[in-house]
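# Understanding the architecture of this molecule
Each chain, written out:
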Amino acid sequence: EVQLVESGGGLVKPGSSLKLSCVASGFTFSSYGMHWIRQAPKKGLEWIALIYYDSSNKYYADSVKGRFTISRDNSKNTLYLEMNSLRSEDTAMYYCAKSRGGYPHWYFDFWGPGTMVTVSS
Amino acid sequence: DVVLTQSPATLSVTPGERISLSCRASESVDTYLHWYQQKPNESPRLLIKYASQSISGIPSRFSGSGSGTDFTLSINGVEVEDLSIYYCQQGNSLPLTFGSGTKLEIK
């Protein structure tokens, strides 16, 4: 059974940093691309980042480019999202999701339960 | 960016009804259009891929159709458990984008 479990969320001040993790199990993690997707409270879904299975390529939404970094450690079956210069508009539930499809025709076949990030002074 | 417009924003239905939800793209996305269901306080789950392809484990009352810019998610015989927000997502070009969702309410 595919499982994705995010962690690392919390309450932080504007301008600070935070690193999220997503531990995967139930599939060969090193064979799949992975995404981060977020959802602001009572709002819709926003894709923010993708990393290839071998970390050879990474793509970002303009809203986080230059501030967020996606990475992975295939030896630990773990996906990361390092978030810097956080803003109030980054407040959201952050989901990791398993990728299907090829460039750029990706979709998300499994999602984790999410971890909440709140940016507030 | 490809903008996906979903309608209606909210739909109130009686159990047993057949309903259709719409997703329109601002430019052609071929059949790279996928549907997700998000139940209250849960993460989304994949319902339909590539506009019309079924997903293992998803009830057969869910189906999808369309190509280009106009897409439809149909539910043939709505059940109470279908209370959710339904999102479409395009995978034709980066950035990957979602529609704003259709909230399904059960009368």
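Shown above is the structure to which this text applies.
These notes cover the structure that comes with them. (Residues numbered from 1 in each chain as written. Chains lettered and ligands numbered in written order. Predicted model: local features only at pLDDT ≥ 70, side-chain atom pairs only at ≥ 80, totals over all residues. Heavy atoms only, no water.)

What follows is about the sheet that holds strand S1 (residues 3-7) of chain A. All names here are of chain A. Strand order across the open sheet formed by four strands is S1-S3-S8-S7, with antiparallel pairing between neighbours. The sheet terminates laterally at S1 and strand S7 (68-73), the two strands that pair on one side only. Pairwise comparison of adjacent strand axes, ignoring direction, gives a mean angle of 15 degrees for this sheet. Where S1 meets strand S3 (residues 18-25), five bridges bridge the pair, whose relative direction is antiparallel. Considered in S3, the bridge of glutamine 3 is made with serine 25. (Pairing = 2+ DSSP bridges. Helix = DSSP H or I, 4+ residues; strand = E, 2+ residues; numbered from the N terminus. Axes fitted to C-alpha atoms, helices over the stretch in contact; angles between N-to-C directions.)

Tallying the contact residues gives 21 residues for chain A and 19 residues for chain B. A buried area of about 1,700 Å², summed over both sides, lies between chain A and chain B, and 67% of it is on carbon and sulfur atoms. Three residues stand out in chain A for area buried against chain B, namely Leu45, His105 and Tyr107 of chain A, and they jointly supply 38% of the buried area on that side. Viewed at the interface, chain B and chain A are joined by zero salt bridges. Elements with a contribution of two residues or more to the side of chain A that touches chain B: strand S4 (34-39), strand S5 (45-51) and strand S10 (107-111) of chain A. Looking at the side of chain A that touches chain B element by element, the count peaks at four residues for S10 of chain A. The residue inventory of the side of chain A that touches chain B, partitioned by class, reads twelve nonpolar, six polar and three charged. (Contact = heavy atoms within 4.5 Å. Buried area = accessible area lost by both parts, 1.4 Å probe. Salt bridge = Lys/Arg side-chain N within 4 Å of Asp/Glu carboxyl O. Nonpolar A, V, L, I, M, F, W, Y, C, P; charged D, E, K, R; others polar.)

Before going further, it helps to examine the pattern of salt bridges. Within this structure, the stated rule accounts for ten salt bridges over all chains. Note that aspartate 109 of chain A and lysine 98 of chain A form a salt bridge whose closest N and O atoms lie 2.8 Å from each other. With a gap of eleven residues between them, aspartate 109 of chain A in strand S10 and lysine 98 of chain A in strand S9 (residues 92-100) connect regions that are remote in the sequence. The burial state of aspartate 109 of chain A is the same as that of lysine 98 of chain A; both residues are buried. We note a salt bridge from arginine 61 of chain B to aspartate 82 of chain B, for which the minimum N-O separation is 2.7 Å. Of the two residues, arginine 61 of chain B is situated in the loop between strand S6 (53-54) and strand S7 (62-67) and aspartate 82 of chain B in the loop between strand S8 (70-76) and strand S9 (84-90); the sequence distance between them amounts to 21 residues. When its relative accessible area of 12% is taken as the criterion, arginine 61 of chain B is described as buried. (Buried < 20%, exposed > 50% of the residue type's maximum accessible area, 1.4 Å probe, protein only.)

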